[in-house]
Amino acid sequence: MDRSDVHVRDLRRLEISAWDAVLAQHREMDGIAVTAVAEEPLPERRHTRYLLSLAGHSDPVPLWATETTPTEVAFYRDVGPFIPRLLPRCWWHDEVAGQGWLLLDDVPAYRPPTGWAADDVEKVIAMLASLHGAFWNESERLDEMDWLPRPWQAHPQQPVPGTLEAWQFWDQMTGGGAPLSHQAVRSAGGLAPLFIRAAAGLEVLRRLRGWPGVVERAHLEALGALLDDPLPMLYPLRNLPATLLHGNPAPHHWRLTLLGERRLTDWRSVAEGPGIWDLVRFLEGAARLPAWPVDGETMVDSYLLRLHVGLASFNARAHRQAIPAALCLYVITAWLPRLGSWFQPYVHSPRTWASLMAAGPEELIARDCAPMVAHRDYLSDLFTRFVRASQAL
């Protein structure tokens, strides 16, 4: 088989010639033959582990195949070669009919975030800052990546992808009602689809009169004010220099090995935007983990100091002042749509909702409401911090 004629269907059929062709694309693998391939399904259906037996090698080589987006494929193709220390090695990539495929190095025996020490956190934040520094304010370089999403644009040049799906989500969640205003959608710019989804989630919470002990009236009012007029939240973020974002570099997307490797996975949300967004996503991912070894302020200081040292013109004050805006945006875009999806079935069942609010953790789990139990304490703290952050805008 020609090395340029590899198809995912042949890899899935475990055809030796296809796997040989994958390896042949890499010069250092010339002459190394695949003798057998075994498939190992993984819990998440879009991932599969393949074990390659190679002639002259006693142990099989594990590779990780993943179904993904064309954007992540383009990222590994165009950006991956410039940041090899941050990524699993990409052996092969392809895109067919809007579906992306990647074949990556497996990262075996990595340590989960619950086992990280303070030094691990410091090194991960340093790598995140280094990623941002490498693309800091490189507008011409980023513009060459025509596949790169730019959701932070105030005035997108073309229709924003996902807008129609967002309005369909609105209809599904609310069944009508006053939608997000035209002025608010216009102010959101490239973030409009996320704001429409967030508004649907807020409408669900309003109809339920909040989530007692977690999302109270003051929270609903602050959320509504920012959705009606998002500019106070977006302005400090849009004024920061743009860089290359992972999109959600939370601890569970990092793979730390016993050999000191640190790989960042799942780049489906890669985008151009302010680096502080990635930092806040990391901080909030850490806040959901027990016994995290480093406090939030220390992580912020570490990130800002690293960029201050590495960049000739870095405004640490502006970035620190933008953190409340990023936190508010995180609550609105990451959690309101999710809460809307959780709670929409109860909008027309007030008795069921009341019984859930009176139920204990064990009963909630038995009634398939485990996420409410798992995230309640974190969300209660998050919405308290959200109100403080919104007042700081």
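Within every chain, residues take consecutive numbers counted from 1 along the sequence as written. Local features in a predicted model are, by the rule used here, given only for residues with pLDDT of at least 70; side-chain atom pairs are given and counted only at 80 or more, and totals for whole chains, interfaces and linings are based on all residues. Only hydrogens and water are set aside when side-chain values are computed; all heavy atoms of the structure are taken into account.

## What about the pattern of salt bridges?
At step 1: For this analysis, a salt bridge means a side-chain nitrogen from Lys or Arg found within 4 Å of a carboxyl oxygen belonging to Asp or Glu. One pass over the full model with this rule turns up 21 salt bridges.
At step 2: Among the salt bridges present, the one from glutamate 272 reaches arginine 150, with a minimum N-O distance of 2.8 Å. Highlighted residues: glutamate 272 in strand S9 (residues 271–274) and arginine 150 in the loop between helix H5 (139–143) and helix H6 (163–174), separated in sequence by 122 residues.
At step 3: A salt bridge links glutamate 284 to arginine 385, with the nearest nitrogen and oxygen atoms 2.9 Å apart. In this pair, glutamate 284 is assigned in helix H11 (residues 275–287) and arginine 385 in helix H17 (residues 370–392), connecting sequence segments 101 residues apart. Here the two residues glutamate 284 and arginine 385 agree in accessibility, since each one is buried.
At step 4: Through salt bridges with shared partners, one network takes in Glu44, Arg46, Asp266 and Arg268. Strands are runs of DSSP state E lasting at least two residues, helices are runs of H or I lasting at least four, and both sets are numbered from the N terminus onward. For every residue, the accessible area (1.4 Å probe, protein chains only) is compared with the maximum for its type, and the residue is labelled buried under 20%, exposed over 50%, or partly exposed between those bounds.

## Observations concerning the packing of helix H9 (residues 217–228) against helix H14 (residues 323–343)
At step 1: Here an angle of 0 to 180 degrees is reported between the N-to-C directions of two axes, which are lines fitted to C-alpha atoms, with helices fitted over the stretch in contact. In the contact formed by H9 and H14, the axes pass within 11 Å of each other and the chain directions differ by 100°. Classified by the angle between their axes, H9 and H14 sit roughly perpendicular to one another. Of H14, the residues touching H9 (which contributes Leu223, Leu226 and Leu227) are Cys328, Val331, Ile332 and Leu336.
At step 2: Note that Gly is not counted as nonpolar here; it falls among the polar residues with everything else outside the nonpolar set of Ala, Val, Leu, Ile, Met, Phe, Trp, Tyr, Cys and Pro and the charged set of Asp, Glu, Lys and Arg. Split into classes, the residues belonging to the contact of H9 with H14 amount to seven nonpolar, no polar and no charged. Here the word oblique covers every angle except those under 35 degrees (roughly parallel), over 145 (roughly antiparallel) and from 65 to 115 (roughly perpendicular). Any two residues whose heavy atoms approach within 4.5 Å at even a single point are treated as in contact.

## Side note on the nonpolar core
Nonpolar side chains in soluble globular proteins tend to be buried together.
At step 1: Residues belong to a common nonpolar core when they are buried Ala, Val, Leu, Ile, Met, Phe, Trp, Tyr or Cys residues joined through side-chain atoms within 4.5 Å. Membership of the largest hydrophobic core comes to 110 residues, with the highest contact counts inside it found for Phe75, Trp254, Ile276, Tyr330 and Phe343.
At step 2: Here this core gets 14 residues from one element, more than from any other, and that element is H14.
At step 3: With residues near it in sequence (within four places) discarded, phenylalanine 75 still touches Gly80, Ile83, Leu87, Trp147, Leu244, Trp267 and Val270.
At step 4: In terms of nonpolar packing, the next biggest core, distinct from the first, is built from 20 residues, Val8, Ala21, Leu52 and Leu103 among them.

## Focus: the packing of aromatic side chains
At step 1: Here is the rule: rings of Phe, Tyr and Trp (six-membered ring for Trp) pair when centre to centre is within 6.5 Å. Planes less than 30 degrees apart are stacked, more than 60 are edge-to-face, and the remainder are tilted. This structure, assessed with the given rule, holds 15 aromatic pairs.
At step 2: Plain terms: the ring middles of tyrosine 346 and tryptophan 353 are 5.9 Å apart, the flat faces sit at 35° to each other, and that makes the pair tilted. Assigned by exposure class, tyrosine 346 and tryptophan 353 land together as buried.
At step 3: The ring of phenylalanine 169 is capped by arginine 197, whose NZ or CZ atom sits 5.0 Å from the centre of that ring. Throughout this description, the term charge over a ring refers to an Arg CZ or Lys NZ atom that lies within 6 Å of the ring centre and within 35 degrees of the ring normal.

## What to know about the sheet that holds strand S3 (residues 61–68)
At step 1: Spatially, S1-S2-S3-S5-S4 is the arrangement adopted by the five strands of the open sheet, whose pairing is antiparallel. Unpaired on one side and paired on the other, strand S1 (34–41) and strand S4 (90–96) mark the two borders of the sheet. Strand-to-strand twist across the sheet, computed as the mean angle between neighbouring axes with direction ignored, equals 20°.
At step 2: Strands in contact with helix H3 (residues 70–78) are S3, S4 and strand S5 (99–105); relative to S5, the strand with the most contacts, it is inclined by about 45°. Two strands qualify as a pair provided DSSP detects at least 2 bridges between them.

## Side note on the side chain of serine 390
At step 1: By secondary structure assignment, the location of serine 390 is in helix H17.
At step 2: Residue serine 390 is classed as buried on the basis of its relative accessible area, which comes to 18%.
At step 3: Apart from residues no more than four positions distant in its own chain, serine 390 is found in contact with Ala222, Leu226 and Cys328.

## With respect to the pairing of S4
At step 1: Pairing between S4 and S5: six bridges, direction antiparallel. Counterpart to valine 96 in the pairing with S5 is glutamine 99.
At step 2: With antiparallel pairing between neighbouring strands as the criterion, S4 and S5 make up a hairpin whose turn holds two residues, including alanine 97 at a positive phi of roughly 55°.

## Looking at the environment of arginine 268
At step 1: Along the chain, the position of arginine 268 falls in the loop between strand S8 (262–264) and S9.
At step 2: Each C-alpha atom, one on arginine 268 and one on proline 70, is 8.7 Å from the other, the two residues being 198 residues apart in sequence.
At step 3: Those residues in contact with arginine 268, other than ones at most four positions away along the chain, are Arg46, Thr68, Thr69 and Glu72.
At step 4: The definition of a polar contact used here is a pair of N or O atoms within 3.5 Å, where within protein one atom must be able to donate a hydrogen and the other to accept one, and adjacent residues in sequence count solely through side-chain atom pairs. Looking at arginine 268, its side chain comes within polar contact range of the side chain of aspartate 266, at 2.9 Å.

## Quick word on a negative patch on the surface
At step 1: Taken together, the side chains of Glu138, Glu140, Asp143 and Glu144 define an acidic patch exposed on the protein surface.
At step 2: Tracing the chain through its elements places glutamate 144 in the loop between H5 and H6. Patches in this entry comprise residues that are over 30% relatively accessible and not in a salt bridge; like charges within 9 Å are linked, as are nonpolar side chains (Val, Leu, Ile, Met, Phe, Trp, Tyr) within 5 Å. Values of accessible area rely on a 1.4 Å probe in the Shrake-Rupley scheme; residue burial ignores everything except the protein chains shown. Charged-residue counts in this description rest on Lys and Arg as positive and Asp and Glu as negative, His and the chain ends being excluded. Each charge is placed at NZ for Lys, CZ for Arg, CG for Asp and CD for Glu.

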